[in-house]
Amino acid sequence: MQILDGKALSKKIELQVTEEVKLLKEKCGCTPGLAVVLVGQDPASAAYVNMKKKACDRAGFYSITHDMPESISQEAIEKTIIMMNNDTNIDGILIQLPLPSQIDTTKILELVSPEKDVDGFHPFNVGRLVTNLDGFVPCTPLGVMELFKEYNIDVKGKNCVVIGASNIVGKPMASLLLNADATVEICHIFTDDLKRHTLNADVILVGVGVINLITEDMVKDGVIVIDIGVSRTAEGKLVGDVDFENVSKKSSYITPSPGGVGPMTIAMLLSNTLKAAKINAQKLKDQAKDAK
Ligand code: GUN
C-alpha cells in the first residue's frame, strides 16, 4: 500500500507557482490577484477561505476577501461581482459556497466572468470540461488528477466509481476521468446497493461527508482509494469517508483524509489563478501592441 501524499505534492506545486509568480512580476510587473466572496459566519467556510488567503500570501499573490453578512441581498453580491469582473488587478474570482438560501447561487456563478472563474463553476467552463476543451477546472477534482499524474497512475480503461454527484466534485471528477479514458460510474444518494458498484471498482473516489461509508468488505484487493470527504466526529476529530485503517490494508494506493486531497484543492486554486493571470497579462500585452 502506498499513500498518495497530497500534502507533499501541494507544497511542491506551491513552490513552482511561487517561482512562476516571481518570473511574471519580473517580466511584466504583473501580480496575480484573487478576490474571494465569503458570505455569513459558517466556521468551515471561514476556515477554508482563511487557508486559501494564506496560500495566496505565500505564493506572492494579491488577494482580497469580501466578507458579507448572512442577510446580504442578491443585488449587493451581484454588484460586487460586476466590480471584480471589471477590476484589472483581479485575475480570479472565487465565491465560497454554500451561499445563504435567499441567494440564487446559479445566477451568482453565471455572473462571474468565465475568464476569471478560477473555481471552474461557470456553465461556460463546465461545458468546456465536458467537451474536453481547455478552460478552468474545479480545484478538487483537478487536484485528484494531479495526484494520479505524480504517482504515475493511468486511469485509462480502469473501472472508476465516483461516489457523490455534486457540481463541485462528483460531476467534474467524472468528466476528468472520462476525458482520461476511464470507464466511469457515478453513484449517489439514490444508488441502490453501493457495495455492488464499489466491489467492481479499480478506483473509488468518494466525497460525500459520511464517516466510514467505505469499509473493507466493500472493496477488492489492490483498489485505489481517493477520499475527498471531510467530516468532524463527535469528539471533534477530522475524518474522511473511508475507514482508512482497514481499507488501506487492501489498497494499492490510498489518500488519507485530512492530508490527501484537501491541500491539493488549495494548490490547484493557486495554479488556476496563475493561469488566469498569465492569460490576462498576454491579453494586456496584445492590446498594447494593437494600440501602437
Ligand atoms: N465550498 C466547498 N468546496 C468549495 C470549493 O472548492 N470552492 C468554493 N468556492 N466553495 C466551496
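Structure: above.
Residues numbered from 1 in each chain as written. Predicted model: local features only at pLDDT ≥ 70, side-chain atom pairs only at ≥ 80, totals over all residues. Heavy atoms only, no water.

### Some words on the layout of surface pockets
Space inside the largest pocket adds up to approximately 1,400 Å³. Looking at the lining of the largest pocket, the elements that each hand over two or more residues are helix 1 (6–28), helix 2 (43–59), strand 4 (92–95), helix 6 (139–150), strand 9 (231–232) and helix 10 (261–291). A class-by-class count of the residues in the lining of the largest pocket yields 26 nonpolar, 14 polar and 10 charged. For the second largest pocket, the lining is made up of 29 residues, of which Leu142, Glu146, Lys149, Met268 and Ser271 are closest to its centre. Breaking the lining of the second largest pocket down by element, the ones donating at least two residues are helix 1, helix 6, helix 7 (170–179) and helix 10. Here the residues of the lining of the second largest pocket sort into 15 nonpolar, 6 polar and 8 charged. (1 Å grid on protein atoms, 1.4 Å probe; cavity = no way out; pocket = protein on both sides within 12 Å on 5 of 7 lines; lining within 4 Å. Points joined across faces, edges and corners; volume = space filled by probe spheres on them. Helix = DSSP H or I, 4+ residues; strand = E, 2+ residues; numbered from the N terminus. Nonpolar A, V, L, I, M, F, W, Y, C, P; charged D, E, K, R; others polar.)

### A short note on the site of the ligand
Around the ligand sit Lys52, Leu94, Ile95, Gln96, Leu97, Asp119 and Phe121, and those are all the residues in its vicinity. Taking Ile95, its main chain carries an N or O atom lying 2.8 Å from a nitrogen atom of the ligand. With respect to the ligand, the side chain of Gln96 contributes an N or O atom lying 3.3 Å from a nitrogen atom. When the ligand sits alone it has 280 Å² of accessible area, and the protein chains cover 81% of it. (Near = heavy atom within 4 Å. Polar contact = N/O pair within 3.5 Å; in protein donor to acceptor, adjacent residues only side chain to side chain. Areas by Shrake-Rupley, 256 points an atom, 1.4 Å probe, with all protein chains shown as cover.)

### Examining empty space enclosed by the protein
To locate leftover empty space, one rolls a probe as large as a water molecule over the atoms. Scanning all chains against the criterion turns up 2 cavities of 30 Å³ or more. Volume-wise, the largest cavity comes out at about 50 Å³. Every residue lining the largest cavity is listed: Ile93, Leu94, Ile95, Leu109, Val112, Asp117, Asp119 and Phe121. Ranked by the residues each element gives to the lining of the largest cavity, the list is headed by strand 4, at 3 residues. Split into classes, the residues belonging to the lining of the largest cavity amount to 6 nonpolar, no polar and 2 charged. Each pocket or cavity is described by its volume, and for the second largest cavity that value is around 30 Å³. Forming the walls of the second largest cavity are Val162, Ile163, Gly164, Val169, Gly170, Met173, Leu205, Val206, Gly207 and Ile228. Put simply, the parts of the chain that give the lining of the second largest cavity at least two residues each are strand 5 (159–163), helix 7 and strand 7 (203–206). Class assignment for the residues of the lining of the second largest cavity results in 7 nonpolar, 3 polar and no charged.

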